[in-house]
Amino acid sequence: MNEHSPSPLTLDQLRSAVSNGAAAIRVITRLESAYGPEHKVFPSTYQGGEYAREMRRLANGSEVKCVVLDSVQSQANRFEEALLDAYDAGQIKFPLLQVTFDTIPDVGRITALDAPHRIADAIFRESQLNGTPFRETREGLAFASATTRNATALFELCPTALLFGVWDSTGSQGGLGNKFARALVSEIVAFHVAEGVRTASRIDPTGIEKCPIYETGSGEWTVFQEQARRDGDGNPVLFGRNRETRGKPSAINLGNVTPDIVRRERSSEPAPGGVTMEYAEQTTVLSLAALRRLRFPDGNGHETTQRNVAGRTVLAALALAAVEHQRENGYFLRSRCDLIPTEDALYTILRTASAKTPFTLTCSAADAIFREAVQQARDAGLPWREEPLRLTPKQALVELVSQSRALSAAQEEVS
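**Some words on the packing of aromatic side chains**
Consideration 1: Under the definition given, this model contains six aromatic pairs.
Consideration 2: Here the aromatic rings of Phe-155 and Trp-384 are separated by 5.1 Å at their centres, their planes lie at 55°, and the arrangement is tilted. Of the two residues, Phe-155 sits in helix α5 (residues 152-157) while Trp-384 sits in the loop between α9 (363-379) and β23 (389-393), which places them 229 residues apart along the sequence. Assigned by exposure class, Phe-155 and Trp-384 land together as buried.

**What to know about the sheet that holds β23**
Consideration 1: Sheet architecture is open: five strands sit in the order β6-β5-β23-β7-β8, paired in mixed fashion. Bordering the open sheet on either side are β6 (108-111) and β8 (132-133), each of which pairs with just one other strand.
Consideration 2: Where strand β5 (residues 97-101) and β6 come together, four bridges link them in antiparallel fashion. The residue of β6 that forms the bridge with Val-99 is Ile-110.

**Quick look at helix α8 (residues 305-329)**
Consideration 1: End to end, α8 covers 36 Å across 25 residues, agreeing with the expected 36 Å (1.5 Å per residue, within 8%).
Consideration 2: For α8, the tally of buried residues reaches 20 of 25 residues, placing the bulk of the element in the interior.
Consideration 3: Gly-330 sits one or two residues past α8 and shows a positive phi near 100°.

**Observations concerning the packing of helix α2 (residues 72-88) against α8**
Consideration 1: Two numbers describe how α2 lies on α8: the axes approach to 8 Å, and their chain directions differ by 90°. As the angle between them shows, α2 and α8 are arranged roughly perpendicular. In this structure, α2 uses Arg-78, Phe-79, Ala-82, Leu-83, Asp-85 and Ala-86 to contact α8, whose residues at the interface are Leu-318, Ala-321, Ala-322, Val-323, His-325, Gln-326 and Asn-329.
Consideration 2: Per-class residue counts for the contact of α2 with α8 are eight nonpolar, three polar and two charged.

**Considerations on α2**
Turn by turn, an α-helix covers 3.6 residues, leaving residues three or four places apart pointing in a common direction.
Consideration 1: The terminal C-alpha atoms of α2 lie 24 Å apart, and with 17 residues this matches the ideal 24 Å at 1.5 Å per residue to within 8%.
Consideration 2: Listed in full, the buried residues belonging to α2 are Gln-75, Ala-76, Arg-78, Phe-79, Glu-80, Ala-82, Leu-83, Leu-84, Ala-86 and Tyr-87.
Consideration 3: The positive-phi residue at the C-terminal boundary of α2 is Gly-90, with phi of around 75°.

**A look at the environment of Pro-159**
Consideration 1: Along the chain, the position of Pro-159 falls in helix α6 (residues 159-164).
Consideration 2: Considering only alpha carbons, one finds Pro-159 and Trp-384, 225 residues apart in sequence, at a separation of 9.5 Å.
Consideration 3: When residues no more than four places from it in sequence are discounted, the contact partners of Pro-159 are Pro-95, Leu-154, Leu-315, Leu-318 and Trp-384.

**Some points on the pairing of β5**
Note on strand geometry: in a regular strand, side chains alternate between the two faces of the sheet.
Consideration 1: By the criterion of burial, β5 is predominantly enclosed, with four of the five residues buried.
Consideration 2: Note: β5 against β23, three bridges, orientation parallel. Counted as the bridge partner of Leu-97 is Leu-389 from β23.

Reading the values: rules and limits
Residues numbered from 1 in each chain as written. Predicted model: local features only at pLDDT ≥ 70, side-chain atom pairs only at ≥ 80, totals over all residues. Heavy atoms only, no water. Phe/Tyr/Trp six-rings, centres within 6.5 Å; stacked < 30°, edge-to-face > 60°. Helix = DSSP H or I, 4+ residues; strand = E, 2+ residues; numbered from the N terminus. Buried < 20%, exposed > 50% of the residue type's maximum accessible area, 1.4 Å probe, protein only. Pairing = 2+ DSSP bridges. Expected span 1.5 Å × (residues − 1). Axes fitted to C-alpha atoms, helices over the stretch in contact; angles between N-to-C directions. Parallel < 35°, antiparallel > 145°, perpendicular 65-115°, else oblique. Contact = heavy atoms within 4.5 Å. Nonpolar A, V, L, I, M, F, W, Y, C, P; charged D, E, K, R; others polar.

Okay, here's the thing in C-alpha cells:
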C-alpha cells in the first residue's frame, strides 16, 4: 500500500498496528464554515467572554494566529455522545453503566458517557446495584482496584473510560484513586484567523421605549410612582439590581436595545465577536502506545499476549467507531459555528514520522470491524457485557436533586 492509493482498513491491519509497534492512528479533517469560507464562526468562550487564542507553528516554519474552536475536553464529549447515539440505535453494543431517576423524568437516565467523571462520577458512587451501594459491590470494588496492569474490570464495565481517561478522585482513596490517561485526543482549531466584534440590538414589538419602572413593597415592578417602595429618604426605589438598567424597561427584558458594539466588562474595548478563518482542522490521534500499557489478566491474575492484544484491538476499534459516528453526526459545535468538511478525512497509521500507512474508513465498516474485534476478544476469554449495568440512585441523592431543582426554580421566579 502507498500513500497515494489508500485501501479500506481491515481488522487484521488494525490488530497488526496495535500489536506490532505502530505509534498512533491519526485522523485529519479539513473544515470550513457551513455559511461559506468568508463568513464568521464563533469559537467557544471562556471566563470573561474570551477566546482561546494561540500562535501555532506550521510545517513550513511560519507562525500563524489561531483560535481553538473545540477543545480536547469538548471533543471527547462529542465522541461520547456519538457513541451513545449509536448504542441506543443498536448499531454497536458495549458495556454501559447507567443510573435512572425514575421520579425526575427531565433528568431520566444518566450514563457513564454523560457523567463528567465517567464511571468514577459521584452520581454512580451515590447509587446502588440491587440494593447495595455500587462501590461495595463486586463490580464497584473491581473498578476501584483496577490499574493499567489489570484493566480487565474497566474493560468489562466501562471500556470507554479507557479511551477518554478517568481518575477515581471521588473514591475512598481520594486523589490517590486509580488514573487512566486519555488515549483518544482530538481538537478543532481555526487557522489564519481575523477577529470580529460583537454587536447587540433589539426591537421591541410593543413599542416600549422610555418609561421608568419602580419596585413595589412585594418586590414586583410597577410604572406607578405612588405604588413604589420608598427608600430611607422617602424617594421611590427604581426596579432592578443592575446599575446600568435599573429603572429602565430593559431591567425586565422589555424595550428596544439600541444597536451598539458590545464592550468588554472591564474596559471600553470591543468584545470578541466571532472570527473569519482561512480554514479549520480537526486533528484526532489515537495513541496505540497508550493502549499497549493496558493489560487484561483473567480472574487468577494470568495474562496472555492473545488476551492483551484482543482487548487493545477492541478499544482501538471502538475509538475509530466513535470518530466515524461523530463525523456522521456532523460539526454543529454551537450557534453560528456550524462546520462542514471540505474533503474526506485522512486516516493514517503512524509508525514513524516517515513510515505512514494511509487507509479509508466508513461508519458501517468501523462498526463491522468493532463487532469482529469483540468476538475475537470473547474467544480469548475476555468479559464483555452488551446489556447496560443498571443502577438506582440512593434516596438521599434523589432528594438532593429534587430539592436543588426546586430551589433553583424559586430563585429564577424571584429574579
